[in-house]
Amino acid sequence: MVVIAAGRPAPEFSLARAEGAPFTRADLQGQRTLLVFYPFAFSSVCTDQLGVYNDLLGDFSAQGLTLYGVSCDAVASQQAFKEQLGIEIQQLSDFEPKGAACRAFGVYHPGGFPQRALVLIGADGVVEWSHEADSPGDLPGANLIFDALQAA
């Protein structure tokens, strides 16, 4: 599977939010969004990645970017992860049906979890940039995101 390419419209999808309402393609309209696909809540690389991105939320926000963490973990696991880390990045669950949104974005790993990937979507709902890590253990640095924001 290959991560969705720049220039393509974001696919139809539905992800679960902690408060219950689904997060869909319609929620992307009118804002620049970065979907941060990560394999597992509480894993070491995921913890580091979301911690680094959370520390830079002010810088991302100053550039008009909203981040969302996406995994196939259950909502309750994601919320516990978010609370334990003390992060503000809203979490979106692709738990049921498992991996449906990840498949739509081309980031579903055959092992049953999202490949570590970043998808930048413009306010018009079109993918501006995407990045898939070489392996789930590779942490994409925040510099990749800032470079993509400048280039887009």
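Residues numbered from 1 in each chain as written. Predicted model: local features only at pLDDT ≥ 70, side-chain atom pairs only at ≥ 80, totals over all residues. Heavy atoms only, no water.

**Q** Hey, could you go over the nonpolar core for me, with residue numbers and the actual values?
**A** Core analysis: the biggest nonpolar cluster contains 22 residues, and Leu-35, Phe-37, Phe-105, Val-119 and Ile-121 have the highest contact counts within it. Elements supplying a minimum of two residues to this core: strand E3 (32-37), strand E4 (65-71), helix H4 (100-105) and strand E8 (117-121). Ignoring anything within four residues of it in the chain, the contact list for Val-119 reads Val-3, Ile-4, Thr-33, Leu-34, Leu-35, Phe-37, Phe-105, Val-127, Trp-129 and Ser-130. Judged by nonpolar contacts, the second largest core, of 21 residues, contains Cys-46, Leu-65, Ile-89 and Ile-145. (Core = buried A, V, L, I, M, F, W, Y, C linked by side-chain atoms within 4.5 Å. Buried < 20%, exposed > 50% of the residue type's maximum accessible area, 1.4 Å probe, protein only. Helix = DSSP H or I, 4+ residues; strand = E, 2+ residues; numbered from the N terminus. Contact = heavy atoms within 4.5 Å.)

**Q** Any chance you could break down helix H1 (residues 44-55) for me, citing the residues and the numbers?
**A** In this model H1 runs 17 Å from its N-terminal to its C-terminal C-alpha over twelve residues, within 8% of the 16 Å that 1.5 Å per residue would give. Within the span of H1, buried status applies to Val-45, Cys-46, Gln-49, Leu-50, Gly-51, Tyr-53 and Asn-54. (Expected span 1.5 Å × (residues − 1).)

**Q** Which residues make up the pairing of E4, and what values go with them?
**A** Counting buried positions over the seven residues of E4 gives six, a clear majority of the element. Where E3 and E4 come together, six bridges link them in parallel fashion. The residue bridging Arg-32 from the neighbouring strand is Leu-65, located in E4. Direction of pairing for E4 relative to strand E5 (residues 90-93): parallel, over a ladder of four bridges. Bridging across to E5, Gly-69 finds its partner in Gln-91. In this view, the connection linking E4 to its parallel neighbour E5 by way of helix H3 (residues 75-85) has right-handed handedness. (Pairing = 2+ DSSP bridges. Right-handed = clockwise from strand over helix to strand, strands pointing away.)

**Q** Tell me what's going on with the packing of aromatic side chains, and back it up with residues and numbers.
**A** Scanning the model with the defined rule gives nine aromatic pairs in all. Each ring, one from Phe-37 and one from Phe-105, has its centre 5.5 Å from the other, and the planes form 50 degrees; the classification is tilted. Of this pair, Phe-37 sits in strand E3 while Phe-105 is found in helix H4, placing the two residues 68 residues apart along the sequence. Ring centres of Phe-42 and Phe-81 lie 5.2 Å apart, and the angle between their planes is 65 degrees; this geometry places the pair in the edge-to-face category. Residue Phe-42 is located in the loop between E3 and H1, and its partner Phe-81 is located in helix H3; the two are separated by 39 residues in the primary sequence. (Phe/Tyr/Trp six-rings, centres within 6.5 Å; stacked < 30°, edge-to-face > 60°.)

This is a description of form; function is not addressed.
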